[in-house]
Amino acid sequence: MSVTALFTPFQLGALELPTRVVMAPMTRTFCPGGVPHAEVVEYYRRRAAAGVGLIVTEGTTVGHKAANGYPNVPRFYGDDALAGWKQVVDAVHAEGGRIVPQLWHVGAVRRLGTEPDASVPGHGPSEKIKDGQVVVHGMSREDIQEVIAAFAQAAKDAQAIGMDGVEIHGAHGYLIDQFFWDASNRRTDEYGGDLAGRSRFAIELIQAVRAAVGPNFPIIFRFSQWKQQDYTARLVTTPQALADFLKPLSDAGVDIFHCSTRRFWEPEFEGSPLNLAGWTRQLTGKPTITVGSVGLDGEFLQFMVDTDKVAQPASLENLLQRLNAEEFDLVAVGRALLVDPQWAAKVRDGREEEILPFSREALTSLV
């Protein structure tokens, strides 16, 4: 099947992408002190040069004391880190690509001892005590407003250094997502209760980001049904429930939904072949990004269990059929692009036999 659909331009307002290929956000932990350096600049530049239309950076922490959960994760605050990201932006733009930072707060996932301040526990919707010690600080209304302000400031800084938009990380069991779930959000105030109440934090955060950047700066929102803690989890189980969940987020200012799934080809609801991105596009009328094991014959979780496993390139026929049918608008590629910066160019030029396989070893370096 022709790959032309992957390499046609996409436009949404002022956002013009040369191709439909998106680099998915992938945590790399190669930034000591949280500052992107020359190797990081080249890592992103190479992919833009090879035909990636939009790069979503690895998760970058906003300026809140409990935002980070891992060592050597880049931050999106502070003059030094922003100067590093400005070099990345300029390099990507010079190759004709577009780039947005993924803005991230890990929430309750954070553990005591994590940089930059080892004494700060994780912050979440509800307090968690273990062995008499507070391991998750239940956020007050003041805490919530501080985090919202940090996201808004990060978005404003992204705009100032020339980024082409922002992605808000609302998926995978991190802070924003923790508010969505009744198991992790046991609040009895306006930020808890039913799903509408549990969505209030995300809605206010998106509204604050929109107010900070104005009406024409693209906001992408990444969400997922599954969680790192439970791959079978489902926040909603019917199309109507999904519509009810997404409409307030869309109305708050989301321009594009990034619909995270483990396998893009799996239907989201019984009785329809549409995946999560397909349903989201149909229900909201907003453009969507699909993602999940694109271009490889194995999924990421397998590599955490079987460290010797190698994923070989896989057919794109199913993906291209769906893209041609306008089930979704953009395609995010993760591990295939992580291991092979030339992946998009090889697909475009019919050089699939040259695409590199993926193994866990690829996670140990920036190529």
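Scroll up for the structure.
Residues numbered from 1 in each chain as written. Predicted model: local features only at pLDDT ≥ 70, side-chain atom pairs only at ≥ 80, totals over all residues. Heavy atoms only, no water.

Peer 1: Please explain the nonpolar core as it appears in this structure.
Peer 2: Most often, soluble globular proteins have nonpolar side chains that are buried together. Ranked by internal contacts, the top residues of the largest apolar core, which has 95 residues, are Phe201, Phe221, Phe245, Leu249 and Trp343. In terms of residue count, the dominant contributor to this core is helix H3 (residues 141-160) (8 residues). Counting 14 residues, the second largest nonpolar core, distinct from the first, contains Ile220, Ile256, Ile289 and Val291. (Core = buried A, V, L, I, M, F, W, Y, C linked by side-chain atoms within 4.5 Å. Buried < 20%, exposed > 50% of the residue type's maximum accessible area, 1.4 Å probe, protein only. Helix = DSSP H or I, 4+ residues; strand = E, 2+ residues; numbered from the N terminus.)

Peer 1: Any chance you could explain the sheet that holds strand S7 (residues 128-130) here in plain terms?
Peer 2: To summarise the sheet geometry, strands pair through backbone hydrogen bonds and adopt either a parallel or an antiparallel arrangement. Read from one edge of the open sheet, 3 strands run S6-S8-S7, paired in mixed fashion. Both outer strands of the open sheet, strand S6 (122-124) and S7, are each paired with one neighbouring strand and no more. Sheet twist, expressed as the average angle between the axes of neighbouring strands with direction ignored, equals 25 degrees. Of the strand pairs in this sheet, S6 and strand S8 (residues 133-138) are connected by 3 bridges, and their pairing is parallel. Bridging across to S8, glycine 122 finds its partner in valine 136. (Pairing = 2+ DSSP bridges. Axes fitted to C-alpha atoms, helices over the stretch in contact; angles between N-to-C directions.)

Peer 1: Help me understand the pattern of salt bridges in this model?
Peer 2: Oppositely charged side chains can form a pair if their charged atoms are brought close together. With the rule as written, the count across this model stands at 18 salt bridges. A salt bridge links arginine 75 to aspartate 80; its shortest N-O distance comes to 2.8 Å. A relative accessible area of 40% means that aspartate 80 is categorised as partly exposed. Across the pair arginine 200 and glutamate 204 runs a salt bridge, and its minimum N-O distance is 2.9 Å. With a gap of 4 residues between them, arginine 200 and glutamate 204 both fall in helix H6 (residues 200-213), about one helical turn apart. Three or more residues are tied together by salt bridges with common partners; here these are Glu42, Arg45, Arg46 and Glu95. (Salt bridge = Lys/Arg side-chain N within 4 Å of Asp/Glu carboxyl O.)

Peer 1: What am I meant to see in helix H2 (residues 79-94) here?
Peer 2: Note on helix geometry: an α-helix contains 3.6 residues per turn, so any two residues three or four positions apart are oriented the same way. Over its 16 residues, H2 runs 22 Å from end to end, which matches the ideal 22 Å to within 8%, given 1.5 Å per residue. Of the residues making up H2, those classed as buried are Ala81, Leu82, Gly84, Trp85, Val88, Val89, Ala91 and Val92. Elements in contact with the buried residues of H2: helix H1 (38-49), strand S4 (54-61), strand S5 (98-104) and H3. Just downstream of H2 lies glycine 96, where phi reads positive at about 90 degrees. (Expected span 1.5 Å × (residues − 1). Contact = heavy atoms within 4.5 Å.)

Peer 1: In this structure, what is going on with the sheet that holds strand S9 (residues 166-169)? I would like to understand it.
Peer 2: Pairing is parallel in the closed barrel, where 8 strands are placed in the order S3-S4-S5-S9-S10-S11-S12-S14. Pairwise comparison of adjacent strand axes, ignoring direction, gives a mean angle of 25 degrees for this sheet. On top of the sheet, helix H7 (residues 239-252) reaches strand S10 (219-224) and strand S11 (256-260); it is set at about 155 degrees to S10, its chief contact.

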